[in-house]
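Residue-level listing of the chains:
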Amino acid sequence: MVAELVHPLGGGVEEPPKPKAQQAPPKRRVAVLDGLRGFAAIGVLLTHSSYAAGIMDVGTKKGWPVFDWLTVGLTVTLAPFFLLSGMLLYRSFARATFAGTSRPPLVPFFVRRGLRILPAYWVFVAITMVTLNLTAITGPWYVLRPMLLLHYFVGIDNAYYPGLEITWSVVTEVTFYLLLPIGAWLITKYARRVTDPARQLRRIIWSLSPFILLGLGWEVYTHLPSMGQYPIQMSWPPGFLGLMAIGMMFGALSAYYEVTGKEPWIYRLAAKSPLSWWAAALAVYILNCVKPLQAGPSGDWPPISQALMDHALFLLFAVLVTVPLIAPSARSRLMDGLLGNKVSAFLGRISFGVYLWHFPMMYFAFRMGSLFGNPTQQMDAVIGTVNAWQLLGEVLVGSIILATLSHYLIERPAGRLGGRLVRSGAPTATL
């Protein structure tokens, strides 16, 4: 999954000359952001697998000492996905704002985004329907709902889709893709009322700030006692627009640097001591492990106070992990070695598949579903009923194998098709 942070994404429009220092941006950023995606995908996989394996405390079921809170803390690894998506997709729109050029063309944007996500997703849904949900299918609409990304909005009271629980994030991402050009157009109109790029940057950041508050407000709403536990609304896009808005802010900062050659202060700060940012991210992870406003670390539904803290920690973790990787003058051998190696980069390229397939693999590990000749139960009913190491091994290895097949057989061919259909440079990013 290539994160095109350093490549020109001008959308086929004439671009102003870059400052001399920016003529050959370092390619290491592509590799380290791929590596970050790889680590994030494995972190999400371990979080859910540990929950299913009974390693976490869940309800009255006690997990493993120490490992229970270590795995609970891994929930923060989901956050960088959304921040990177907002940053990489908005960056070329912001660049056009600062440069005074026309916006990136929308047809290539939508074609490439659709071909990057939907073919692999549709194959995933089709296989999951046959292997896990075949006996539950009541008609065409049961299958069309997830195919059309409507299963978290329409008919949610009478359809439970084993194996598709994680696809709420695909719905959120696609919603963001649809809204981004509209939001970018409105922000550009406001920002271009002034001509100074520094003032334009401030207007962009102020325009995006309310979405951070929206995310916090949505967290309160979904954790009200009247909503019950795990309401479907917790998976709706408003709760994650704050992360994407912060990503868009960093996309604007990077675009500002490209056009003006002036490095924003937060990037200069990260360049002074990149590892201190990761040390702070580690502290955030530990705080997320402890769950101080909840009755101990567990996979249970949190109260409003802990939910708000979790949300804030998600935002902070994503920023602390990502900024040292995107700051133009920041360098760290440790970061390059950990995230820029071939294994990490490969995991990043297949991370969309790992993210999708690890949930069905958990059901396969429990031998549940139509593939095994029995109805699929919800995960909560079978927590800890198989050997934990066996489950973790099957999910990890199986997800990587299926994600690799998806990458080479579906995602890369679809990407090449997108390149042939639309040859102008449209903004790209991945989940």
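Residues numbered from 1 in each chain as written. Predicted model: local features only at pLDDT ≥ 70, side-chain atom pairs only at ≥ 80, totals over all residues. Heavy atoms only, no water.

**Focus: the packing of aromatic side chains**
How two aromatic rings sit relative to each other is set out by the distance from centre to centre and by the angle between their planes. Evaluation of the coordinates by the stated rule reveals 16 aromatic pairs. With centroids separated by 5.7 Å and ring planes inclined at 75°, the aromatic side chains of Phe98 and Tyr256 adopt a geometry described as edge-to-face. Taken together, the residues span a long stretch of sequence, with Phe98 in helix α3 (residues 79-99) and Tyr256 in helix α8 (residues 241-260) at a distance of 158 residues. On the accessibility criterion, Tyr256 (9% relative accessible area) is buried. Put simply, the rings of Phe153, Trp218, Tyr221 and Trp236 touch in pairs and so form one group of aromatic residues. Across the ring face of Tyr177, the terminal group of Arg113 is positioned such that the distance to the ring centre comes to 4.7 Å. (Phe/Tyr/Trp six-rings, centres within 6.5 Å; stacked < 30°, edge-to-face > 60°. Helix = DSSP H or I, 4+ residues; strand = E, 2+ residues; numbered from the N terminus. Buried < 20%, exposed > 50% of the residue type's maximum accessible area, 1.4 Å probe, protein only. Lys NZ or Arg CZ within 6 Å of the ring centre and 35° of its normal.)

**Focus: the confidence of the model for the protein chain**
Per-chain confidence: the protein chain averages 88 in pLDDT, with 90% of residues scoring 70 or above. Here residues 1-27 scores under 50 on pLDDT; set against residues more than four positions off or in separate chains, the count is 71 contacts. (pLDDT = per-residue confidence, 0-100. Contact = heavy atoms within 4.5 Å.)

**A short note on the nonpolar core**
Counting residues in hydrophobic clusters, the biggest one holds 115 residues, and the most contacted among them are Tyr90 and Phe250. Contacts of Tyr90, omitting those with residues within four sequence positions, involve Leu180, Ala184, Ile187, Ile204, Met248 and Ala252. One finds Tyr51, Val58, Val72 and Ile383 within the second-largest nonpolar core, a separate group that totals five residues. (Core = buried A, V, L, I, M, F, W, Y, C linked by side-chain atoms within 4.5 Å.)

**Describing helix α4 (residues 106-132)**
Over its 27 residues, α4 runs 37 Å from end to end, which matches the ideal 39 Å to within 8%, given 1.5 Å per residue. Maximum bend of α4: about 30°, positioned at Leu115, with proline Pro119 one to four residues after it. (Expected span 1.5 Å × (residues − 1). Bend = angle between axes of the 7 residues up to and from the residue.)

**Focus on the packing of α3 against helix α6 (residues 168-191)**
At their nearest, the axes of α3 and α6 sit 10 Å apart, and the two run at 25° to each other. Accordingly, the angle class assigned to the pair α3 and α6 is roughly parallel. As α3 runs across α6, the sense of the crossing is right-handed. Together, Phe81, Phe82, Ser85, Gly86, Leu89, Tyr90, Phe93 and Thr97 of α3 and Trp168, Ser169, Thr172, Glu173, Phe176, Tyr177, Leu180, Ala184, Ile187, Thr188 and Ala191 of α6 make up the contact between the two elements. Residues that form the contact of α3 with α6 fall into these classes: twelve nonpolar, six polar and one charged. (Axes fitted to C-alpha atoms, helices over the stretch in contact; angles between N-to-C directions. Parallel < 35°, antiparallel > 145°, perpendicular 65-115°, else oblique. Left-handed = near helix turned anticlockwise from the far one by under 90°. Nonpolar A, V, L, I, M, F, W, Y, C, P; charged D, E, K, R; others polar.)

**Some points on the pattern of salt bridges**
Overall, the coordinates contain five salt bridges when judged by the stated rule. In this structure, the salt-bridge partner of Arg95 is Glu258, at a minimum N-O distance of 2.6 Å. Taken together, the positions of Arg95 in helix α3 and Glu258 in helix α8 put the pair 163 residues apart, joining distant regions of the chain. Judged by its relative accessible area of 7%, Arg95 falls in the buried class. In this structure, Glu411 and Arg116 form a salt bridge, with 3.2 Å as the shortest nitrogen-oxygen distance. You can see Glu411 sitting in helix α15 (residues 388-421) and its partner Arg116 sitting in helix α4, a full 295 residues away along the chain. (Salt bridge = Lys/Arg side-chain N within 4 Å of Asp/Glu carboxyl O.)

**Brief notes about a nonpolar patch on the surface**
Residues Leu396, Val397, Ile401, Leu405, Tyr408 and Leu409 make up a contiguous nonpolar surface patch of about 560 Å² in total accessible area. Tracing the sequence through the fold places Leu396 in helix α15. (Patch = residues over 30% accessible without salt bridge, like charges linked within 9 Å, V, L, I, M, F, W, Y side chains within 5 Å. Areas by Shrake-Rupley, 256 points an atom, 1.4 Å probe, with all protein chains shown as cover.)

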